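The primary structure of each chain is shown beneath.
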Amino acid sequence: MLDSKKTNILLALAGAAVLMASSPALAQDPAATAAPAAAAPAATTPAPAATPAAAPAAEAEDGGHSAAGLTPIDMFMIATPVVKAVMIGLLLASIFSWTLLIIKLLEFGSLNRKTDRFLEEFRQTRTLADMRRVATDEAYDGNPLADMAAAATEEIELSRQSGLSVAGDNKHDALARAQHAVSAVQAGLAARLSGGQQFLASTGSIGPFVGLFGTVYGIMNSFIGIVQSNTTNLASVAPGIAEALLATGIGLFAAIPAVVMYNYFNTRISAYGTRSDGFAAELLNAVSRQLDKGA
C-alpha cells in the first residue's frame, strides 16, 4: 500500500517534471511560427514598392535614349509625306542656290579679268580699225565691253559701206547710230548678268513660308495623334513636333544664304553696270575723235 502511494507520487512528480520541461518548447513554437509569418510580409512588402520605382527609372532611361538617338535624319525618316516633300524641296533649292553662288563667282571673276585686259589693250589703239581689231579678237570673245566696241565700230563701218558720210555735218548721225548699237549690247548685258537672280530672290522670300507650312502641317498631325492616343505624354508627340520644327529650320537654312547671295550679286551687277556705262562714254568719245580726224 505504501509502495503504491510512493509509486503514484513519483509518477506525478515525473509527469510534472515532463510538463515543466516541455512548456518552454511549447511557448517557443508559437513565437517561432509567428516570426517567419511576420518576416514573410516584411520581406515581400518592399517588392511592390520596388516595381513602381523601377518603372520610372526604365521609362527615364528609354526616354533619354530616344532623345539622344533622335537625329535630324531620324526626324526626316519619321516625317509624314507632306513634310518630307517640303524638306526635300527646300534642300534642293538650297543646293541649287549654292551651285549658283559658285557659278556666278567664277563668272564674275573671269569677266573682270578679261575686262581689265581688254581695257588695257583698247586704250592703246589709235584708229577705228585698231579698235575693231581688238574688239573682235577671239581672246575677248563674249566680253560685254568688247562687244560694245565691236558694235560701235561695226556700225560706223556699215554706214561707210552704205555710202553715208560719217564725218563733218553727218558725224552726229553716225555717233547716234553707234550709241544705239552700244545701248542694245548693254541691254543684253543686264539680262546676262542677272541670270539666276530671280531664283535667289524667290528662294529667299518664300523659303521660310514653305518651311512654316511644313511646320504647321506637322504640328497639326501631332495634335491629331494626341487625340487619337488619348494621352498627353510628351514622349508620344515630341518626334512629330521635332520633325515639324525641322521643316522651318531647313526653310531658314535655304532662305538666309539665298538672300545674302542675291544682295551680293546685285551689288556686283550694279558695279559692272556702272563700269560699262563709263566705258560707253569713253568709247563714243574715242569714236568721235577718230571721226573728227577723218579716220
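Within every chain, residues take consecutive numbers counted from 1 along the sequence as written. Local features in this predicted model are restricted to residues whose pLDDT is 70 or higher, and side-chain atom pairs enter the listing and the counts only when it is 80 or higher, whereas totals over whole chains, interfaces and linings include all residues. Heavy atoms from the whole structure form the basis of all side-chain values; hydrogens and water molecules are not counted.

Student: What's the story with the overall build of the protein chain in this structure? I'm lost.
Tutor: Runs of E in the DSSP output that reach at least two residues are strands. Runs of H or I that reach at least four are helices, and both are numbered from the N terminus. The secondary structure content of the protein chain amounts to nine helices and zero strands. Reading the protein chain from its N end, one meets helices and strands in the order α-α-α-α-α-α-α-α-α. Residue burial is assigned from relative accessible area. The probe radius is 1.4 Å, only protein chains are included, and a residue is buried under 20% of its type maximum, exposed over 50%, and partly exposed in between. Here the protein chain, with 295 residues, has 29% of them falling under the buried criterion. When checking whether two residues touch, look at their non-hydrogen atoms; a contact exists if any pair is within 4.5 Å. Put simply, of all contacts in the protein chain between residues at least 6 apart along the chain, 82% involve residues at least 24 apart. Approximately 17,500 Å² of the protein chain is accessible, and the part contributed by carbon and sulfur atoms is 67%. Accessible surface area values rest on a Shrake-Rupley calculation with a 1.4 Å probe, where residue burial reflects the displayed protein chains alone.

Student: What's the story with the side chain of T115 in this structure? I'm lost.
Tutor: Here T115 shows up in helix α4 (residues 81-122). Of note is the side chain of T115, whose polar atom sits 2.7 Å from the backbone oxygen of L111. In contact with T115, other than residues within four places in its own chain, are N143, L145, Y272 and R275. The definition of a polar contact used here is a pair of N or O atoms within 3.5 Å, where within protein one atom must be able to donate a hydrogen and the other to accept one, and adjacent residues in sequence count solely through side-chain atom pairs.

Student: Help me out: how do you make sense of the nonpolar core in this one?
Tutor: Across soluble globular proteins, nonpolar side chains show a tendency to be buried alongside one another. Judged by nonpolar contacts, the single largest core of 39 residues is most densely connected at F118, I156, F279, L283, V287 and L291. Ignoring any residue separated from it by four or fewer positions in sequence, one finds I156 in contact with L128, V166, A174, A178, V287 and L291. Grouping buried Ala, Val, Leu, Ile, Met, Phe, Trp, Tyr and Cys residues that are joined through side-chain atoms within 4.5 Å yields what is termed a nonpolar core. Membership of the second largest hydrophobic core comes to ten residues, among which are A79, L90, A247 and I250.

Student: Help me understand the packing of aromatic side chains, please; the structure alone is not making it clear to me.
Tutor: Ring pairs (aromatic) are described by centroid distance and by the angle formed between their planes. Think of it this way: a Phe, Tyr or Trp ring, Trp meaning its six-membered ring, pairs with another when their centres are within 6.5 Å, and the plane angle makes it stacked under 30 degrees, edge-to-face over 60, tilted otherwise. Considering all chains together, one arrives at eight aromatic pairs under this definition. Between F122 and F279 the ring centres are 5.2 Å apart and the planes differ by 65°, which places this aromatic pair in the edge-to-face class. Within this pair, whereas F122 is found in helix α4, its partner F279 is found in helix α9 (residues 234-292), the two being separated by 157 residues in sequence. Comparing F122 with F279, the two get one shared label, buried. An aromatic cluster is present here, built from F118, F122, Y140 and F279 joined pairwise through their rings. Placement of a positive charge over a ring is assigned whenever Lys NZ or Arg CZ falls within 6 Å of the ring centre and within 35 degrees of the normal to the ring plane. The lysine or arginine in question, K104, covers the ring of F265, its NZ or CZ lying 5.5 Å from the ring centre.

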